[in-house]
Amino acid sequence: MAEVSDQLLVVTIMTYLAALVAYAAEYAFGSATRVSRVANRELVGPDGLAVVVDDEPAPVSPRDRYIGYAVLGLSVAATLAHAATLITRAVAAGRVPWGNMYEFLLALTLVGSVAWLVVLFARPAVRALGLLVTTVVIVLLGTSGMLHTDAGPLVPALNSYWLAIHVSAVATAGGVLLVGFVSAVLYLLRDGYENGRTGFPFALAAKAPAAATIERLTFRVHAFAFPILTVGIMCGAIWAEAAWGRYWGWDPKEVWSFITWVIYAGYLHARATPSIKRRTASWLAIAGWAAVVFNTYGVNLVFSGLHSYAGV
Amino acid sequence: MSLLRNSWRQLTSMRTALVLLFLLALFAIPGSVFPQRSIGPEAVDRYLRDNPDTGPWLDRLQAFDVYSSVWFSAVYLLLFVSLVGCVVPRLKAHAVALIRVPPEAPKRLDRLPAHADDLDHDGDPEAAADALAALLKGRRFRVARRGRTISAEKGYLKETGNLVFHFALLALLGGMAAGGLYGWHGNRIVVTGDTNGFCSSTQQYDEYDLGTRVDAADLARFCVTLDSFRAEYLDSGQPSLYRARMSYAADGERGTRTVEVNHPLRLADANVYLLGTGYAPTLRYTDRAGRTQTITVPFLPQDNALTSYGLAAFPDANIGLTEPDGRPAQVAFDGLYLPTVPENVAHGASLFPAERDPRLMLRAYIGDLGLDSFRPQSVYALNFDQVEGKMLQASGDQFALKPGESHTLADGTKIEFLGTQPWIAVSVRHDPGEKVVLVGGILLVIGLLGSLTGRRRRVFFRVTPDGVVAGGLPRSEYEGFAAEFEQIVESARAALGERTREKAGSRDG
Ligand code: HEM
C-alpha cells in the first residue's frame, strides 16, 4: 500500500502539471473565453457593494469550451488522485496520514486544492487564480516528495488523538491560507495593472478579474482560515500540555506559530482600518503566508526543538 | 466634530496596535534563532563557549532570554495597554448601543449606499409605517419609530464578538501571568526500582524553577516511584512506545498508574509527565581495602540510538588511603554505554536503542573528585577541571564490559558491571493559570467567530404622504447586503400592497 501511495503521488503531480498547462492555455487564449467574460459579470459598485451584471454570455468557441472542460476535469482529477495518495498512505501507516513533514505537506496541499475547487465553483469569476494556486501546490508537493519518509508508526510523543485534531486543523488552515496567499498576490498584480503598470509582472494579471473582486476574496478566505488557525494552535497548546507538561514553551515551532498568528491578526486589523491601504493589508497576508511556509520548512529543517521528530 | 475626533482617535490607536503587533512578531524571531535559557540552559552555555566574541554581547541584549527580555515585554505591555485603551471605551459604547434605540435616519436616504424610492402606499402613511416597522421586527431588526420614520439595526453580534475576543485576549494574558507568578516545575530522573523513588521537594529535583510568588514550602507534597518501564522500538530505531508504571502517595492517597508520553500522572496539585528515557548501569566497586559499594547511575543519551554518557563516582572508596603524591584515592569511572554495540567498537556509537548487545566502555580515574569544592557541578559528568589540574588522573586505558563482566584495575581493585535499569526523565508541574488560559482561549475563538461572521447593518424607511423612501447602510464588510436590502424592499412592497411603478432599478435611479 505504501508503494501504491508513492506511485499515486507521481500521478498526482503529473495531473497537476497537466492542469497547469490547461490553466495556462485558457489564460493565454482566453480573452474571449470564460475567464474574462465571467470576470466581468461580477462588478463592484463605487461603495464596495457587489453588483451582478446579468449580461448575456457571449458564445464560446468550441476550442475555448474544450480548454475550459480540460481545466475543470484535470483540476478535479488531480485533487482526487491527491486524496487517494493521502488515503493509501493512511492505510499503509495504519494511522492518520500527517505524522511527519512529508505527510503534513501532502495534507496541507490537498486542503489547498479542495479549497480552491470550492472557490472555483462558488466564484467562477476568480478562475484565473487557478494558474497560481496550481503552481504553488505543485511546488509544495514536489518539495514534499524530496522529504519523503517511509510510512510507519509514530513516535510516542505523536501517539495521541490530539494529532488528529491539532495537525488536521493546522493543515486545513494552511491549505486555505494558500489560496488566500495566491489571491493576495494576484490582487497586488491586478491592482498595479489597473493603475497603469503594464510591465512584468503586472501584465500577468491583464485578464484577471477586477482588483476589488480579488481583494474581497482575499479577505473572505483569510476570515475563514484565521479561526481555524487559532483553533489549531490552541489545540497544539492543549496537546503540548499533555505531552510535555506546558501549554506554551517558546519552542521554535511555537514561536513561529505565534508569529504567523500575530501577522494574520495584523492583516485583519489592517483590513478593518479604512485608512490603511488594501495594498498594505495584502502585503501582510503575504508575510503571513511566508511565516506559514517558514514554519513548515525552515523550522523543521533548520532549528531543532521538541517538534523535530521522526526524520522531519 | 466629535465624530472626527473619535475617528481620529480610533485610527491612531488602531495604527499603533498594528505597529505593535508587527513589532511583537518581529521581536519573537530571535527566540527561535538563539538558544533560550528558559528551554535549555546547557544550549546557551554551549553557545557562549562556541562564540566567545558575539556571545556576551548577545547575552547583554537578552538574546537568550527573549520572552522575558525588557524589549519583548515592553512591546507586549504597550500592546495590552493599547488594547485596554481601545476596548474599554468600545465596551461602553457597545453597551450604550445595545440599550439605546437605533439612531435617527439621515436626512437624505438616497445618499446611502443602498436605497429605493419607488415604493408607494395606499394613502394611509400611519398604517404604512406600522406595517414597515412590523416587517423589520419580523426580520429580527431592532426597530425605532420616530413619527413616520423608521430606523432599524441588526448584527450586534459583530461588535459583541469583537469585544469578547479582545477581553478574552486579556484573560489569556492574565492566566499566563498567573502561571508565571504561582506556578512551578521541577525535572528529575527516576530509576526503576522501589528505593529509587523521589518526593517532591526542591532538594530532590535535578533542576527546578519556581514562580515569582512561590517558595520551596509551597510545592505539592507527594512521592513517586517507578515500578517498571517498557520501551518498544521499530526496526529503524524509532521508538513506538514508552510505558511506565508509577506508584504515588499524596495526601494519604496512594495508587498505581500507567504513565505514557501523552498520559501524565495527574495529582491534585501537580502533574507528572514522562519526557524521556535512558539506561542506568549498576556497578559494584571493590576498593583497596576490600570494601564493596554498589551504585546505579543514570547515563544520559547522546543520540537516538541511546549511546549514553555517564559518570560513576565512588567518593568513599579507599577512604583514608592516599596516592603516593598525597592526593586522596577517590575513584570514578566515566564512559559510554552502548545498548547495541557496533561491529567495530571504536565507532563508539550505539546501533540500536534497545539492549541487543550491550557494552559499557569505561575509563577509571583516581584522585580528588573535587566534590568538596564549592563550584557547582553536574553529577552526570566528570569534573574536568580536576582532570586538567592533575588532581584527578586517568588510570589505564578504556575497557569494555558486558553485563556480568568485571575488570581489574592496575591497583588491584575491581569494577563489576552488574546490568542496567531503565530510567525515565519526568517533569513535575503545577500551573494554576492553565484553566484561565483555557477558558480565555475558548472565549477567544467564540468571540472571533462572532466578530468575523456578524454583519452590522441599518435599514431606514421614511413614509411621506407621497410614498416611501428606503435606505440601507452596511456597517461592516458584507457583500450580500445589496441582495438583502433588495429583499427587504420587495417584502415592503408586498406588505404595502402596492403596485410597482414603472421605474425599476433601485440603485442608480
Ligand atoms: C494582542 C493584540 C491584538 C490581537 C491579537 C488582536 C486580534 C484581532 C483580530 C484577530 C481581530 C479580527 C476580528 C475582525 O476582523 O473583526 C481584531 C479586530 C479588531 N481589533 Fe484587535 N487585536 C489586538 C489588539 C487590538 C488593539 C490594541 C486594538 C485597539 C486599537 C484593537 C482593535 C480592534 C478592532 C477595532 C477590531 C475590529 C475590526 C472590525 O471592525 O472588524 N485590537 N483584533
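Each residue is numbered by its place in its chain's sequence as written, counting from 1. Lettering for chains starts from A, numbering for ligands starts from 1, and both go in the order in which the items are written. For this predicted model, a pLDDT threshold of at least 70 governs which residues receive local features, and a threshold of 80 or more governs which side-chain atom pairs are given and counted, while totals over whole chains, interfaces and linings are taken from all residues. Processing note: side-chain calculations cover all non-hydrogen atoms of the structure and skip hydrogens and water entirely.

Per an unreviewed UniProt entry, chain B goes by Cytochrome c biogenesis protein and derives from Virgisporangium aliadipatigenens. UniProt positions are given in the numbering used here, feature names are shortened, and annotations may be inferred rather than shown by experiment. Heading Subcellular location (unreviewed entry) of the UniProt record for chain B holds this comment: "Membrane".

Looking at an unreviewed UniProt entry, one finds chain A named C-type cytochrome biogenesis protein CcsB and attributed to Virgisporangium aliadipatigenens. Regarding chain A, the relevant UniProt record gives this comment under Subcellular location (unreviewed entry): "Membrane".

Chemist: Please clarify how the interface of chain B and chain A should be interpreted in this entry.
Modeler: Where the parts come together, the accessible area they lose is often given as the size of the interface. The contact criterion used throughout is that any non-hydrogen atoms of two residues lie within 4.5 Å. Taken together, the contact pairs 53 residues of chain B with 54 residues of chain A. Joining two parts hides part of their accessible area as seen by a 1.4 Å probe, and the buried area is that hidden amount summed over both. Summed over both partners, the interface of chain B with chain A buries about 4,400 Å², with 69% contributed by carbon and sulfur atoms. Salt bridge, as used here: a side-chain nitrogen of Lys or Arg that lies within 4 Å of a carboxyl oxygen of Asp or Glu. Put simply, chain B and chain A have 1 salt bridge between them. The residue glutamate 241 of chain A makes a salt bridge to arginine 266 of chain B at a minimum N-O spacing of 2.8 Å. Pairs of N or O atoms are called polar contacts if they sit within 3.5 Å, as long as, within protein, a hydrogen donor faces a hydrogen acceptor (for residues adjacent in sequence, only side-chain-to-side-chain pairs). Linking chain B with chain A are 5 residue pairs in polar contact (both at pLDDT 80 or more), by the criterion used here. For the side of chain B that touches chain A, the elements supplying multiple residues, two or more each, are α1 (2–28), α2 (30–33), α7 (157–182), β8 (239–250), β11 (271–286), α9 (434–453) and α10 (481–496) of chain B. Each helix is a run of DSSP H or I of at least 4 residues and each strand a run of E of at least 2, with the numbering of both proceeding from the N terminus. A total of 10 residues in the side of chain B that touches chain A trace back to one element, the largest contributor, which is α9 of chain B. Under the grouping applied here, Gly and all other residues not named as nonpolar or charged are polar, the nonpolar ones being Ala, Val, Leu, Ile, Met, Phe, Trp, Tyr, Cys and Pro and the charged ones Asp, Glu, Lys and Arg. Looking at the side of chain B that touches chain A residue by residue, the classes come out as 37 nonpolar, 8 polar and 8 charged.

Chemist: Looking at this structure, I do not really get the coordination of the iron atom of the ligand. What am I missing?
Modeler: Tetrahedral coordination by four donors sets the ideal angle at the metal to 109.5 degrees; octahedral coordination by six donors sets it to 90 or 180 degrees. We call an atom a donor if it is N, O or S and sits within 2.8 Å of the metal, or 3.2 Å for Na, K and Ca. Water is not counted, so some sites may look partial. Within the protein, the atoms that donate to the iron atom of the ligand are His269 of chain A (NE2) and His166 of chain B (NE2), at distances of 1.9 Å. Relative to the metal, the 6 donor atoms surrounding the iron atom of the ligand lie at angles of 78 to 178 degrees, and the coordination shape comes out octahedral. One end of the pair, histidine 269 of chain A, is in helix α8 (residues 252–272); the other, histidine 166 of chain B, is in helix α7, on a second chain. A four-donor site is classed as tetrahedral when every donor-metal-donor angle falls between 85 and 135 degrees; four donors are called square planar, and six octahedral, when trans pairs exceed 155 degrees and all remaining angles lie between 65 and 115, with any other arrangement labelled irregular.

Chemist: What am I meant to see in the sheet that holds strand β21 (residues 467–474) of chain B here?
Modeler: The strands making up a sheet associate through backbone hydrogen bonding, with each pair oriented either parallel or antiparallel. Residue and element names in this part refer to chain B. One bridge is not enough; two strands pair if DSSP finds at least two bridges between them. What the 5 strands build is an open sheet, ordered β1-β21-β20-β3-β2; its pairing is antiparallel. Bordering the open sheet on either side are β1 (114–119) and β2 (142–146), each of which pairs with just one other strand. Strand-to-strand, the axes of this sheet are offset by a mean angle of 15 degrees, without reference to chain direction. Two strands pair when backbone bridges link them, and β2 and strand β3 (residues 149–154) are joined in this way by 5 bridges, in the antiparallel orientation. Across the sheet, residue arginine 145 finds its bridge partner in β3, namely isoleucine 150. A fitted line through C-alpha atoms serves as each axis, taken over the contacting stretch for helices, and the angle formed by two N-to-C directions is quoted from 0 to 180°. Those strands touched by helix α6 (residues 125–138) are β2, β3, β20 (457–464) and β21, and its axis lies near 165 degrees from that of β20.

Chemist: I would appreciate a short explanation of the UniProt feature "transmembrane region" (unreviewed entry) in chain A in the present structure.
Modeler: Residue and element names in this part refer to chain A. Taking the UniProt record as the reference, the feature "transmembrane region" (unreviewed entry) is found at residues 6–29, 66–92, 104–122, 129–149, 161–189, 223–242, 254–270 and 282–303. For residues 129–149, the helix share is 86%, the strand share is 0%, and the end-to-end C-alpha distance is 32 Å. End-to-end, the C-alpha atoms of residues 282–303 are 29 Å apart, and along that stretch the chain is 91% helix and 0% strand.

Chemist: Looking at this structure, how should I read the packing of aromatic side chains?
Modeler: One pair of aromatic rings is described through two measures. These are the centre distance and the angle between the planes. Side-chain rings of Phe, Tyr and Trp (the six-membered ring for Trp) are treated as a pair once their centres are within 6.5 Å; stacked means planes under 30 degrees apart, edge-to-face means over 60, and tilted covers the remaining angles. Applying the stated criterion to the full structure yields 27 aromatic pairs over all chains. The rings of Trp248, Trp250 and Phe258 of chain A together with Tyr67, Phe72 and Tyr76 of chain B are connected pair by pair, giving a single aromatic cluster. A positively charged side chain is recorded as over a ring if its NZ (Lys) or CZ (Arg) lies within 6 Å of the ring centre. The angle to the ring normal must also be within 35 degrees. The positively charged end of lysine 207 of chain A is found above the aromatic ring belonging to tyrosine 27 of chain A, 5.7 Å away from the centroid. Between arginine 60 of chain B and the ring centre of tryptophan 57 of chain B, over which it is positioned, the NZ or CZ distance is 4.7 Å.

Chemist: Where do I start with the confidence of the model for chain A in this structure?
Modeler: Should the pLDDT be low somewhere, the predicted coordinates at that spot are not to be read in detail. Per-residue confidence for chain A gives a mean pLDDT of 85, with 87% of residues at or over 70. Think of pLDDT as the predictor's per-residue confidence, scored from 0 to 100. Counting interchain partners and residues more than four positions distant, the pLDDT-below-50 stretch residues 31–57 of chain A has 50 contacts.

Chemist: Help me understand the state of the cysteines, please; the structure alone is not making it clear to me.
Modeler: Two cysteines form a disulfide when their sulfur atoms are joined by a covalent bond. All names here are of chain B. Cysteine sulfur atoms are paired as a disulfide whenever they come within 2.5 Å of each other. For the structure on display, the rule yields 1 disulfide over all chains. Each disulfide pairs two cysteine sulfurs, and for cysteine 199 the partner residue is cysteine 223, the sulfurs being separated by 1.9 Å. Across the S-S bond of cysteine 199 and cysteine 223 the torsion is about 105 degrees, and the bridge reads as right-handed. Of this pair, cysteine 199 sits in strand β5 (residues 198–199) while cysteine 223 sits in strand β7 (residues 223–233), and the two are 24 residues apart along the sequence.

Chemist: Looking at this model, I keep getting lost on the site of the ligand. Mind explaining?
Modeler: Here a residue counts as near a molecule or strand whenever at least one of its heavy atoms sits within 4 Å of it. Taken together, 25 residues surround the ligand, and among them His269 of chain A together with Cys86, Arg90, His166 and Ser451 of chain B come closest. The side chain of histidine 166 of chain B places a nitrogen or oxygen atom 2.8 Å from a nitrogen atom of the ligand. Those elements giving two or more residues to the shell around the ligand turn out to be α8 of chain A together with α1, α5 (70–99), α7 and α9 of chain B. Tallied by class, residues from the shell around the ligand come to 16 nonpolar, 7 polar and 2 charged.

Chemist: Is there a simple way to explain the sheet that holds strand β16 (residues 359–367) of chain B in this structure?
Modeler: Residue and element names in this part refer to chain B. With antiparallel pairing, the 5 strands of this open sheet are ordered in space as β13-β14-β15-β16-β17. Both edges of this open sheet fall to β13 (300–301) and β17 (392–401), since each of them pairs with a single strand only. Pairing geometry for β16 and β17, over 7 bridges, is antiparallel. Among the inter-strand pairings, isoleucine 366 is bridged to a residue of β17, identified as glutamine 393.

Chemist: What is the right way to read the UniProt feature "transmembrane region" (unreviewed entry) in chain B from this model?
Modeler: Residues and elements named next belong to chain B. Summarizing the sequence annotation, UniProt attributes the feature "transmembrane region" (unreviewed entry) to residues 66–88, 163–184 and 436–454 in the numbering used throughout. Between the first and last C-alpha atoms of residues 163–184 the distance is 32 Å; the span itself is 91% helix and 5% strand. Between the C-alpha atoms that bound residues 436–454 there is a distance of 26 Å. The span itself is 95% helix and 0% strand.

Chemist: I'm lost on the environment of leucine 300 of chain B in this one. Help?
Modeler: For leucine 300 of chain B, the position within the fold is in strand β13. As for leucine 300 of chain B and threonine 277 of chain B, which are separated by 23 residues in sequence, their C-alpha atoms are 8.8 Å apart.

Chemist: Explanation requested: the domain arrangement of chain B in the structure shown.
Modeler: Either an automatic procedure or a domain database provided the assignment from which the domain bounds are taken. For chain B, the assigned domains are domain 1 (2–96), domain 2 (102–155 + 455–508) and domain 3 (184–430). Each of domain 1 of chain B and domain 2 of chain B was reduced to a C-alpha centroid, and the two centroids are 48 Å apart.

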